[in-house]
Number of protein chains: 2
Amino acid sequence: MSSGKILVAQGGGPTAVINQSMVGVALEARRFHGIERVYGARHGVRGIVDEDFVDLSQETSHNLELVAATPSSALGSTRDKPDLRYCQEIFQVLRAHAIGHFFYIGGNDSSDTVRIVSLEAQKAGYPLRCIHVPKTIDNDLVGNDHTPGFPSAARFVAQAFAGANLDNAALPGIYVGVVMGRHAGFLTAASALGKKFPDDGPHLIYLPERTFVLDRFLADVKAAYEKYGRCVIAVSEGIHDASGAPIASLLAKDLEHDAHGNVQLSGTGALADLLCEEIKSKLKIRRVRGDTFGYLQRSFIGCVSDVDQREAREVGEKAVQFGMWGASDGSVAIRRTGFYSVDYDLLPLDAVAGKTRVMEDEFIDEAGTGITDAFRLYLRPLLGSGMPDAFRLRPSPVAKKLDRAGRDDASDAG
Amino acid sequence: MSSGKILVAQGGGPTAVINQSMVGVALEARRFHGIERVYGARHGVRGIVDEDFVDLSQETSHNLELVAATPSSALGSTRDKPDLRYCQEIFQVLRAHAIGHFFYIGGNDSSDTVRIVSLEAQKAGYPLRCIHVPKTIDNDLVGNDHTPGFPSAARFVAQAFAGANLDNAALPGIYVGVVMGRHAGFLTAASALGKKFPDDGPHLIYLPERTFVLDRFLADVKAAYEKYGRCVIAVSEGIHDASGAPIASLLAKDLEHDAHGNVQLSGTGALADLLCEEIKSKLKIRRVRGDTFGYLQRSFIGCVSDVDQREAREVGEKAVQFGMWGASDGSVAIRRTGFYSVDYDLLPLDAVAGKTRVMEDEFIDEAGTGITDAFRLYLRPLLGSGMPDAFRLRPSPVAKKLDRAGRDDASDAG
């Protein structure tokens with residue numbers, strides 16, 4: 001099977017390294033003699049049905065390399081989730097342009113799109129090779145040791161919490177940082193990789209893999225605050241009660257916040273603010289601050305894992321090799337082979353499409369509010385080289401000179 | 001004037017480079033033969049009145065260098081704003097420990113504390129040399145070209161907006177990023193340094209130096225959205241109406257959000273969420289997302305300007321030199337001498353204490369929603385080396401194959 005034209009597109013949320021995969025496809029494809037043109041669809045599947053293509057063959061390799069190192073989706077992305085008829089339309093366009101190979105870089109939804117388009121081509125007897133290229137900061141694709149994009153986002157989260165911990169140590173209080181990940185807690189758990197000294201935060205981590213109970217949360221925070229004189233907390237945007245209802249909606253309802261009633265998890269500070277209010281009002285702690293990492297964690301320029309860059313590039317290259325030399329459609333997956341080394345497999349689309357991986361039990365500690373060494377070992381190599389490190393002064397106290405027994409507090413005196 | 005003991009302390013919000021100044025003081029002081037001990041007060045003025053000192057002379061130079069490169073205040077900080085009696089107590093403790101030189105690293109409030117302590121020592125006829133060492137991410141100290149800590153925070157903001165702009169270009173909509181700075185808009189304005197291509201965001205910037213008018217804001221956003229098909233907006237947390245009332249409180253009141261009624265500017269996502277709701281409801285735009293940069297912009301580890309590091313170190317060293325060789329108390333200030341070079345002055349404490357610098361008019365464009373080339377020239381050298389750069393694909397469109405005149409939208413078909 002061979003064709004003169006291939007098409008590549010990018011779907012879903014952008015990542016720091018998704019352009020590495022796109023450029024990996026574009027440059028590797030041009031090494032194959034049968035390939036005449038490499039098209040890119042603008043804004044994912046939306047650009048396919050709109051026939052909004054650019055000819056990547058006309059790009060310079062030099063500029064492609066620079067784009068590869070630039071975060072976010074250079075071709076543009078889309079939130080469209082194609083149904084059967086949408087996929088049929090995609091197929092019609094691919095056929096009209098005589099596309100022989102279709103590479104779609106994205107997460108679960110994108111892999112399902114690739115699966116349906118592949119079936120349509122088979123039904124029509126049209127020779128189309130369809131390959132899904134993995135990408136998601138949520139790390140929730142099954143069959144993958146991890147997914148491109150996750151390591152760089154995890155690095156951002158780890159660095160953010162390392163800094164938030166230092167800030168919180170300087171001005172003690174409660175700090176709540178809300179991290180993306182609706183179903184899978186990997187990215188929230190990455191906050192723990194910012195810890196160095198034994199009393200460093202995050203002291204508590206709340207994951208969507210465990211049921212969130214407000215009273216237990218408040219008791220945990222109280223205990224940590226009493227122990228450390230401060231508390232840094234990492235919270236997944238996806239935390240929910242036993243029935244699966246998002247905590248943000250429940251708290252918003254309790255507090256009758258109309259505007260937060262219909263809760264959108266990303267792109268608002270609602271959950272962080274609501275949890276902070278609970279802590280302030282129930283635990284009577286004054287200095288309580290919440291941050292929602294929001295889009296920064298996936299789009300911040302200049303915080304990228306070199307391991308992630310390398311692998312994102314390779315899944316793109318391997319996708320083309322599987323597509324040109326292989327005999328079947330599929331989804332490229334990362335398999336860990338050593339400490340630390342990887343190789344790439346082509347999984348059947350059925351095995352990946354529409355499925356969601358969550359954090360394995362061995363990665364979450366017994367209390368459910370921390371991570372295990374297994375997770376630390378799993379994640380550390382992915383974060384790449386040059387992780388910033390934090391140092392502190394060692395204690396060498398000076399003896400007091402003034403005899404001020406019974407004196408409480410200077411601010412009372414002042 | 002010479003004494004065997006000096007004291008250094010850190011006040012106010014931590015910065016990425018405040019430890020450079022502390023270590024600059026500690027290492028430079030030990031080069032003076034008269035200095036026997038370098039004490040650090042834990043948690044700023046609070047640690048002074050509590051006599052909570054550590055002996056920095058017993059630290060290794062090696063560890064001090066590592067601490068210097070670590071963000072946040074290694075000695076701890078405080079939000080206490082000493083009044084006269086508090087300052088008198090500070091002075092009593094300094095005298096009890098026979099401190100001859102007092103170095104306080106901080107912003108406006110800290111410089112005022114230094115001023116009052118200096119006066120108390122003079123009144124008592126006690127030989128105390130008091131030097132204020134500048135620090136603030138807000139860049140609002142008068143008499144300084146800029147303040148240590150600002151360049152690194154500005155770099156974070158510029159990088160954050162460069163990434164947010166790429167994300168917004170991939171998935172078009174409205175993005176609102178809320179930046180710290182209650183009175184001075186320097187940090188918010190730094191968002192513009194992330195722009196490269198002419199249509200890059202931020203497309204609109206709202207500063208506390210200009211009155212915020214909601215209707216004008218909505219009209220600006222509408223116009224930008226129509227022009228670019230998307231809009232990235234940088235907003236200072238300190239925006240206010242003509243009477244000076246914070247916009248966050250006004251919007252919260254309008255929308256009857258009880259929990260946001262008493263608005264705290266930092267550490268909540270209220271302002272971003274409220275502005276997003278206004279845009280959604282009034283302009284009927286669907287994809288509207290808000291981020292509040294919160295503590296990340298001052299505490300993120302791994303995003304630091306090398307120029308800032310260097311200067312923060314030097315203000316600490318110069319403070320000691322001014323203090324040991326000079327004949328007067330004062331506040332160290334950065335003076336720009338070239339493109340780009342600086343030198344350091346010692347200003348009278350009166351000239352700095354309690355005053356607030358805001359953005360000069362020449363830095364703000366006529367519309368009030370953008371910055372000038374003068375500001376770009378002012379800020380660029382401060383951001384330091386190795387700023388990440390963004391690249392994009394060049395257009396080379398592919399001709400359409402399908403004749404689908406009158407066809408609107410694939411999702412309508414699907």
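With an unreviewed UniProt entry as reference, chain A is termed Pyrophosphate--fructose 6-phosphate 1-phosphotransferase, source organism Noviherbaspirillum suwonense. In the Catalytic activity (unreviewed entry) part of its UniProt record, chain A is described as follows: "beta-D-fructose 6-phosphate + diphosphate = beta-D-fructose 1,6-bisphosphate + phosphate + H(+)". Under the heading Subunit (unreviewed entry), UniProt records this for chain A: "Homodimer."

### Here we look at the pattern of salt bridges
Residues and elements named next belong to chain A. Inspection of the entire model under this criterion finds 43 salt bridges over all chains. As a salt-bridge pair, D55 and R37 come within 3.0 Å of each other at their nearest N and O atoms. Of this pair, D55 sits in strand β3 (residues 53-55) while R37 is found in strand β2 (residues 37-41), placing the two residues 18 residues apart along the sequence. On the basis of relative accessibility, which here comes to 3%, the residue D55 falls in the buried class. Across the pair R336 and D145 runs a salt bridge whose closest N-O atoms are separated by 3.1 Å. Here D145 lies in the loop between β5 (129-134) and α6 (150-170) and R336 lies in strand β10 (residues 330-338), a separation of 191 residues in the sequence.

### With respect to the sheet that holds strand β8 (residues 231-236) of chain A
Within a beta sheet, neighbouring strands are joined by backbone hydrogen bonds and run either parallel or antiparallel to one another. Residue and element names in this part refer to chain A. Taken in spatial order, the four strands make up an open sheet running β7-β8-β6-β9, and their pairing is parallel. The outermost strands of the open sheet, each flanked by one partner alone, are β7 (204-206) and β9 (288-292). In this sheet, neighbouring strand axes are inclined to one another by 15 degrees on average, regardless of whether the strands run parallel or antiparallel. In the sheet, strand β6 (residues 174-179) pairs with β9 via five bridges, with the strands oriented parallel. Within β9, the position partnered with Y175 by the bridge is R289. Against the sheet, α6 contacts β6 and β8, and its axis sits at roughly 170 degrees relative to β6.

### Considering the pairing of β5(A)
Residue and element names in this part refer to chain A. β5 sits mainly inside the fold: six of its six residues count as buried. Of the two faces of β5, the one lined by R129, I131 and V133 and the one lined by C130, H132 and P134 are each fully buried. Read as a crossover between parallel neighbours, the route from strand β4 (residues 101-106) over helix α5 (residues 108-124) to β5 is right-handed. Bridge analysis of β5 against β10 gives two bridges, and the strand direction is parallel. Opposite I131, over in β10, you have G330 as the bridge partner.

### Let's talk about the packing of helix α8 (residues 214-228) of chain B against helix α10 (residues 270-283) of chain B
Residues and elements named next belong to chain B. Packing of α8 against α10 leaves a shortest axis separation of 11 Å and a crossing angle of 70 degrees. When the axes of α8 and α10 are compared, the pair comes out roughly perpendicular. Note that α8 runs across α10; the crossing there is right-handed. Between α8 and α10, the contacting residues are L214, F217, L218, V221 and K222 on the first element and L275, E278, I279, K282 and L283 on the second.

### Some words on the confidence of the model for chain A
Residue and element names in this part refer to chain A. Looking at chain A, pLDDT values average 92 and 93% of them are 70 or higher. Note on residues 256-263: pLDDT is under 50 here. Beyond four places in sequence and across chains, it has 14 contacts. Segment residues 408-414 is flagged for pLDDT under 50; beyond a separation of four residues in sequence, or across chains, it makes 12 contacts in the model.

Rules used throughout
Numbering of residues begins from 1 in every chain and follows the order in which that chain's sequence is written. A letter from A marks each chain and a number from 1 marks each ligand, given out in the order of writing. Reporting in this predicted model follows two pLDDT cut-offs: at least 70 for local features of residues, and 80 or more for side-chain atom pairs to be given and counted; totals over whole chains, interfaces and linings ignore these cut-offs and use all residues. As a rule here, side-chain values cover all heavy atoms of the structure and leave hydrogens and water aside. UniProt positions are given in the numbering used here, feature names are shortened, and annotations may be inferred rather than shown by experiment. Salt bridges are defined as contacts in which a side-chain nitrogen from Lys or Arg sits within 4 Å of a carboxyl oxygen from Asp or Glu. For the purposes of this entry, the term helix denotes a DSSP run of H or I that reaches at least four residues, the term strand denotes a run of E that reaches at least two, and both are numbered from the N terminus. Three labels apply to residues, based on accessible area from a 1.4 Å probe with only protein chains included: buried if under 20% of the type maximum, exposed if over 50%, partly exposed otherwise in between. Here the rule is simple: two strands pair whenever DSSP picks up at least two bridges between them. Helix axes are fitted to C-alpha atoms over the stretch in contact, other axes to C-alpha atoms as well, and angles between N-to-C directions run from 0 to 180 degrees. Contacts were defined at the residue level, with two residues in contact if any of their heavy atoms lie within 4.5 Å. By definition, the crossover connecting two strands over a helix is right-handed if that path, from the first strand to the second, turns clockwise as seen with the strands pointing away from the viewer. Just so you know how the angles are binned, under 35 degrees is roughly parallel, over 145 roughly antiparallel, 65 to 115 roughly perpendicular, and the rest oblique. Handedness of a crossing follows from how the near helix is turned relative to the far one, being left-handed for an anticlockwise turn of less than a right angle and right-handed for a clockwise one. Here pLDDT means the predictor's own confidence in every residue, given as a number from 0 to 100.

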